[in-house]
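Breakdown of the fold
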Amino acid sequence: MRVTRTLATVGLLASLSLGLAACGGGEASAPAAQAPASSSAPASTPAAADGVTTNADVFGPACSKLPQGDEPGSLDSMGPQPVATAASTNPLLTTLVTAVGKVPGLADTLNQQKGITVFAPANDAFAAVQKQLGEQKFNALLADTSGLQGLLSYHVTPERLDAAGLVEKKTLNQLAGGDLTIGGTAEAPTVTDGQGNTANVLCGNIPTANATVFVIDKVLMPKS
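Residues numbered from 1 in each chain as written. Predicted model: local features only at pLDDT ≥ 70, side-chain atom pairs only at ≥ 80, totals over all residues. Heavy atoms only, no water.

**So, helix H7 (residues 135–143)**
To keep things clear, this is the line we draw: Per-residue accessibility, obtained with a 1.4 Å probe over protein chains only, is compared with the maximum for each type, and a residue is labelled buried under 20%, exposed over 50%, and partly exposed between these values. By the criteria applied, helices consist of DSSP H or I runs no shorter than four residues and strands consist of E runs no shorter than two, each listed in order from the N terminus. Each C-beta atom gives one direction from the helix axis, and the arc is the one those directions make.
Listing the buried residues of H7 in full gives Phe138, Leu141 and Leu142. Viewed end-on, H7 has its buried residues packed into an arc of 100°, placing them on one side of the element.

As C-alpha cells, this is what we get:
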C-alpha cells in the first residue's frame, strides 16, 4: 500500500509539473494592494551577515494585507515566534499551515531549527495547484504524508538569508535536496524551482525568531 501511495504521489507531482511547464512558467499576478512605503527595502541595503531582518526590511505588494500593530499575524506578533507558530497566524498562509499540519512533527521540526529561510506559498498558489489537479487528486496529495513532507521541505533552505543574501547566493541547496535558483534583485528577487517555474516574492524579509520568510506566488516543484 505504501508503494502504491508513493507512486500515486509521484504521478500527481509529475502531472502538476507538466501543467506548470505547459503554462510557460507564467507568473501569478501580485495582489493590487501596495505595501506601506516603509516596507520597501532600500536599493543600497547590504546582505545581513546572519540573514536576520527587522520589520523595516519587509517589502512586497502583499505585505499590506498583514494585520497591523500587535494583532495575531502582524509583524510585531510574528517576530518573536518560531517560524511554524508565526505562520499559523499569517492570513496569507492558511493553506500552507494546513499542509504542514498534515505531516506529523513537521511544525515542531521547523520551530526547532536554528536558522533557516522559508519560501512560503501563498493561499492562491495552492489554489492554483488544486484547480489544476482537481479536488480529489489535491486531497490525495495532502493525504500522503511522506510525499507532502518532501514537497514542503523543498521550500526550506537550511541557512538564514535575507533578500540581498539570496541574490548573492544565486543557487540554494534545499532541506529536502534539490536546488533553487535566485534571480532578480534584492528589491524584487525571483525563485526558480527544479522544473524551471519562476515564483515572485509577494512579501519578503519577514522576520521570525528562527527564520526569514518569503511569501511567494507559486508552489515550488523539485526536479523529477
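**Details of the state of the cysteines**
To keep it simple, the criterion reads: Any cysteine sulfur atom paired with another within 2.5 Å is treated as part of a disulfide.
As enumerated under the stated definition, the model contains one disulfide in all. The residue that forms a disulfide with Cys63 is Cys203, at a sulfur-sulfur distance of 2.2 Å. An S-S torsion of about 110° defines the bridge between Cys63 and Cys203 as right-handed. A residue pair is termed long-range when its members are at least 10 positions apart, and Cys63 in the loop between helix H1 (2–22) and helix H2 (75–78) and Cys203 in strand E6 (residues 198–207) qualify at 140 residues. Cys203 shares its class with Cys63; the two are buried.

**With respect to the pattern of salt bridges**
The cut-off we apply is this: Only one rule defines a salt bridge in this text: a Lys or Arg side-chain nitrogen within 4 Å of an Asp or Glu carboxyl oxygen.
The tally for this structure, following the rule as stated, stands at one salt bridge. As a salt-bridge pair, Glu159 and Lys169 come within 3.3 Å of each other at their nearest N and O atoms. Highlighted residues: Glu159 in the loop between strand E2 (156–157) and helix H9 (163–169) and Lys169 in helix H9, separated in sequence by 10 residues. Here Glu159 falls in the partly exposed class, since its relative accessible area comes to 33%. Classification of Lys169 as partly exposed rests on a relative accessible area of 40%.

**Overview of the confidence of the model for the chain**
Short version of the rule: The pLDDT score gives, residue by residue, the confidence of the prediction method on a 0 to 100 scale. Contacts are residue-level and defined by heavy atoms, with any inter-residue pair within 4.5 Å sufficient.
With 79% of its residues at a pLDDT of 70 or more, the chain has an overall mean of 84. When the criterion is pLDDT under 50, residues 1–44 qualifies, and its contacts beyond four places in sequence or with other chains add up to 71 contacts.

**A look at the side chain of Ser74**
Mapped onto the elements, Ser74 comes out in the loop between H1 and H2. Classification of Ser74 as buried rests on a relative accessible area of 0%. If we ignore the near neighbours within four places in the chain, the residues touching Ser74 are Pro67, Gln68 and Gly69.

**Quick notes on the nonpolar core**
Cut-off, in case you're wondering: The term nonpolar core refers to a set of buried residues drawn from Ala, Val, Leu, Ile, Met, Phe, Trp, Tyr and Cys, joined through side-chain atoms within 4.5 Å.
By size, the foremost hydrophobic cluster in this structure holds 41 residues, and its most contacted members are Val118, Leu152, Ile206 and Val215. Look past the residues within four positions of Val215 in its chain and what remains in contact with it is Leu92, Leu93, Ala120, Ala122, Asn200, Val201, Leu202, Cys203 and Ile206. Counting 15 residues, the second largest nonpolar core, distinct from the first, contains Leu166, Ile182, Val201 and Ile216.

**Some points on the sheet that holds strand E4 (residues 179–184)**
Counted only if it meets this: Two strands are said to pair when DSSP picks up at least two bridges between them.
Strand order in this open sheet of seven strands is E2-E1-E7-E6-E5-E4-E3, and the pairing throughout is mixed. Either end of the sheet is taken by a strand with one partner, and the two such strands are E2 and strand E3 (171–173). Looking at chain direction, strand E1 (residues 116–121) and strand E7 (residues 211–216) are connected through six bridges and run parallel. Opposite Phe119, over in E7, you have Phe214 as the bridge partner.

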